[in-house]
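Read off the chains here:
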Amino acid sequence: MAHAPPNPSPDPNDPLPEPGDGRHELWFTRRGGQVCGPYPQRSIGRFLILGRLCPDDEVSRDGETWWRIDQRPHLIPEELQNAHTPEGRERLEQARLREDERRRERRHDDPPPEIRDRRKGDRRCPESPETLSHRQQWAEILEQPPRPWSGWIRGPRPWIVGGSAVALALALLIGFGITLERDPGPDCAAAPAPGINWNYCDRAGADLRGVDLTGASLHNTRLAGARLHGARLTDADLRFADLTLTSLEGADLAGANLTGADLIRAHLVDANLEDANLAHANLTGADLAGARLDGARLGRSIWTDGRICARDSVGTCD
């Protein structure tokens, strides 16, 4: 691991020293002042696919001049660049499965010699609190107890009962002239409107001041740096959305689901967050002056000063 003094981000148009063809480039990475590496370019792409690096993290060739990764788009894999489309998301999931070093064959009790050599020592930088918090969030979701009705069907042929129920439901739908419509999926080109589906869309830096996004589906949407002054986001689904440095002054987020959202240094002055779900959200450095948090769920969220809120925190970070 190398250590370099922090310095302001350079002009993204500045040329890199001796860029070459990229195959032999080595890059340092920096997050929160911690420097790691250097890594070959293909490793940077792999870390991005696996979520170990984010486009907002910084990279450097020499440990002195730093750029955000999104200022060097040649480092971002194609699977991530096209993740806003259904086909792109499928390719991204396939890439994650392909790249995940924890696959069973790599964690075999008797791995090949090259894998045993790689396991020696700690080859990763320590993970950030937000990464650990988000992993815990997913673990808790996956560990939810089974549904109450899961044990109702007993006997040697439970599929007969299930099949009959499905057939009866379809018959009722047909009898009443009800048709089943296919979910059209996200429409990233659609204009902002109540109930809009912008899941996984990239709206970073967008001017959305005063828009009505009541009940909008914004799951995993990138809104970093967007302007949402006075926007209406009541009951919106903002789970795991990127709201880093987003301006939300006076925005109405009552009842919104912000589970696991990144609100790092977001501007939430006078925002309404009553009854919002902020569990496992990252509020590091966020400005909450005058914000209303009555009934807001803050369990295991990262508070503005870096504290981890207690699991049962409501309204305040305990």
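Scroll up for the structure.
Residues numbered from 1 in each chain as written. Predicted model: local features only at pLDDT ≥ 70, side-chain atom pairs only at ≥ 80, totals over all residues. Heavy atoms only, no water.

J.: I would appreciate a short explanation of the state of the cysteines in the present structure.
T.: A covalent bond between the sulfur atoms of two cysteines is what we call a disulfide. Following the criterion strictly, the structure yields two disulfides and no others. One disulfide in the model links Cys188 with Cys201; its S-S distance is 1.9 Å. Sign of the S-S torsion, about -85 degrees for the bond between Cys188 and Cys201, identifies this disulfide as left-handed. Here Cys201 lies in the segment after α6 (158-175) and Cys188 lies in the segment after α6, a separation of 13 residues in the sequence. A relative accessible area of 23% places Cys188 in the partly exposed class. Bridging Cys309 to Cys317, the disulfide has an S-S length of 2.1 Å. One disulfide, between Cys309 and Cys317, carries an S-S torsion of -115 degrees and so falls in the left-handed class. Neither residue differs from the other here; Cys309 and Cys317 are each classed as buried. (Disulfide = S-S within 2.5 Å. Helix = DSSP H or I, 4+ residues; strand = E, 2+ residues; numbered from the N terminus. Buried < 20%, exposed > 50% of the residue type's maximum accessible area, 1.4 Å probe, protein only.)

J.: Teacher, can you tell me more about empty space enclosed by the protein here?
T.: Rolled over the atoms, a probe as big as a water molecule pinpoints where empty space is left. Inspection of every chain in the model, using the stated rule, returns two cavities of 30 Å³ or more. Approximately 30 Å³ is the volume attributed to the second largest cavity. Surrounding the second largest cavity, Leu218, Leu223, Leu228, Leu233, Leu238, Leu243, Leu248 and Leu253 form its lining. Per-class residue counts for the lining of the second largest cavity are eight nonpolar, no polar and no charged. (1 Å grid on protein atoms, 1.4 Å probe; cavity = no way out; pocket = protein on both sides within 12 Å on 5 of 7 lines; lining within 4 Å. Points joined across faces, edges and corners; volume = space filled by probe spheres on them. Nonpolar A, V, L, I, M, F, W, Y, C, P; charged D, E, K, R; others polar.)

J.: I keep staring at the packing of aromatic side chains and nothing clicks. Help me out?
T.: Both the distance between ring centres and the angle between the ring planes are used here to describe each pair of aromatic rings. Across all of its chains, the model carries one aromatic pair by this definition. Measuring from ring centre to ring centre gives 5.0 Å for Tyr39 and Phe47, while their planes differ by 90 degrees; the resulting arrangement is edge-to-face. Like Phe47, Tyr39 is buried. The ring of Trp27 is capped by Arg61, whose NZ or CZ atom sits 5.7 Å from the centre of that ring. The ring of Trp198 is capped by Arg203, whose NZ or CZ atom sits 4.3 Å from the centre of that ring. (Phe/Tyr/Trp six-rings, centres within 6.5 Å; stacked < 30°, edge-to-face > 60°. Lys NZ or Arg CZ within 6 Å of the ring centre and 35° of its normal.)

J.: Sorry, what's going on with the pattern of salt bridges here?
T.: Side chains that differ in charge, positive against negative, can pair when their charged atoms come close. Across all of its chains, the model carries eleven salt bridges by this definition. Three or more residues are tied together by salt bridges with common partners; here these are Asp56, Arg68, Asp70, Asp202 and Arg222. (Salt bridge = Lys/Arg side-chain N within 4 Å of Asp/Glu carboxyl O.)

J.: Explanation requested: the environment of Pro38 in the structure shown.
T.: Considering the arrangement of structural elements, one finds Pro38 in strand β2 (residues 34-40). The spacing of Pro38 and Phe28 is ten residues in sequence and 4.4 Å in space, taken between C-alpha atoms. In this view, Pro38 contacts Leu26, Trp27 and Phe28; residues no more than four positions away in its chain are not counted. (Contact = heavy atoms within 4.5 Å.)

J.: Got a minute to help me understand helix α1 (residues 41-50) in this structure?
T.: The buried count for α1 comes to eight of ten residues, which makes it a mostly enclosed element. Listed in full, the buried residues belonging to α1 are Gln41, Ser43, Ile44, Gly45, Arg46, Phe47, Leu48 and Ile49. Gly51, located one to two residues past α1, shows a positive phi value of around 80 degrees.

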